[in-house]
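# Geometric and topological summary
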Amino acid sequence: MSAARSQPLIIFLHLPKTAGTTLARIIKRQYDSIAILSLYESMLGEELDTIPQNQMDRLRIVTGHLYFGAHAFSSRPGTYVTMLREPIDRVISHYYFVRHEPSNYLYDLARKMSLKEFVESCGKQEPNNDQTRLLAGRGHTVRFGICSDEMLDMAKRNLTEHFAVVGISEEFDRSLILMKRILGWRNPFYSKQNVGQHRPRKEDIPLETLRMIETHNTLDIELYRYAKELFQEEIRVQGESFDLETQRFRKLNASYGRLYLFTSLTIDNLTRRYQSRWPISIHE
């Protein structure tokens, strides 16, 4: 039996607009490429049921914008990892992201509406209460527009019973150190990815709009509160050394970020210089 097969299959349930793009890049550096399966074109993860056994035996982690429940399609025991984000800020981020992403199915709607109008128009659909909907699981996909206390209870239960790590976007570094400890990762150095550049601060959003978002995201607000309680309890269990490790990591990661920026700029400059001397022509 392979070493990977003897361990639970980790499923990174990437909730949109929760710093998941940065986390996905960190994950790629933690495992061999043959141990990672990306299912970003999937909704339920049913593709796991069609993977040859020899490939499945090598897998360590699956990533994707999935509903909870993908483990049911795997022949191996599974556990989950995810990040949640403060719901009001997440909806604001989602709106401004969609407005600059023509491939998104909500692009036309977002372009012609204000944030307040967009949230109200979406009603019980994405992005409202979307963290609850995704974490409640695949049994709720056929009732996409319905949000209920039952879904909230299911999402809470899933977080408690099936997740090895529940991270919080606003506590990103501490979430990473928690994952490092629980999942046995190397230092998860990173530079931020997919950070919204076209959105105002939450403090600059009109109060009436914020209240509208809150009204349409009551389930996510409660779920986020619950997830933070799980997060804080897990950190308490880790002991006093946890905060010291987090502090050391932040200092090291700041150096990594400066090195990453310098390297990226150097490569860009060399690439432009090379192309200016030897223009590349592409023939179809």
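Everything below is about the structure printed above this text.
In what follows, the accompanying structure is described. These figures come from a predicted structure and were not determined experimentally. (Residues numbered from 1 in each chain as written. Predicted model: local features only at pLDDT ≥ 70, side-chain atom pairs only at ≥ 80, totals over all residues. Heavy atoms only, no water.)

### Side note on the pattern of salt bridges
One pass over the full model with this rule turns up 16 salt bridges. One salt bridge connects K202 with E86, and the closest N-O pair in it is separated by 3.3 Å. In this pair, K202 is assigned in the loop between α8 (172-183) and α9 (207-215) and E86 in the loop between β4 (78-84) and α3 (87-98), connecting sequence segments 116 residues apart. Accessibility expressed as a relative area gives 27% for K202, which makes it partly exposed. Note that D130 and R90 form a salt bridge whose closest N and O atoms lie 3.7 Å from each other. One end of the pair, D130, is in helix α6 (residues 130-136); the other, R90, is in helix α3, with 40 residues separating them in the sequence. Several salt bridges share partner residues, and in doing so they unite K156, E222, R225 and E229 into one network. (Salt bridge = Lys/Arg side-chain N within 4 Å of Asp/Glu carboxyl O. Helix = DSSP H or I, 4+ residues; strand = E, 2+ residues; numbered from the N terminus. Buried < 20%, exposed > 50% of the residue type's maximum accessible area, 1.4 Å probe, protein only.)

### Digging into the packing of aromatic side chains
A full pass over the atoms with the stated rule returns 8 aromatic pairs. Between Y80 and F163, the aromatic rings sit 5.1 Å apart at their centres with planes inclined by 35°, giving tilted as the arrangement. Residue Y80 is located in strand β4, and its partner F163 is located in strand β5 (residues 163-168); the two are separated by 83 residues in the primary sequence. A residue is classified by how much of its surface remains accessible, and Y80, at 1% relative accessible area, is buried. Centre to centre, the rings of Y95 and Y96 are 4.8 Å apart; their planes meet at 80°, and the pair counts as edge-to-face. In textbook terms, an aromatic cluster arises when at least three aromatic residues are bridged by ring pairs, as seen for F172, F189, Y190 and F249. (Phe/Tyr/Trp six-rings, centres within 6.5 Å; stacked < 30°, edge-to-face > 60°.)

### So, the sheet that holds strand β2 (residues 36-38)
By definition, the strands of a sheet pair up through backbone hydrogen bonds, in either a parallel or an antiparallel sense. Ordered by their spatial adjacency, 5 strands build an open sheet running β2-β3-β1-β4-β5, and the pairing between neighbours is parallel. Edge positions in the sheet fall to β2 and β5, since each of these pairs with one other strand and no more. Each strand axis lies, on average, 15° off the axis of its neighbour in the sheet, ignoring direction. Looking at chain direction, β4 and β5 are connected through 5 bridges and run parallel. The partner of Y80 across the bridge, within β5, is F163. Set on the sheet, helix α10 (residues 218-238) makes contact with β4 and β5; between it and β5 the angle comes to about 110°. (Pairing = 2+ DSSP bridges. Axes fitted to C-alpha atoms, helices over the stretch in contact; angles between N-to-C directions. Contact = heavy atoms within 4.5 Å.)

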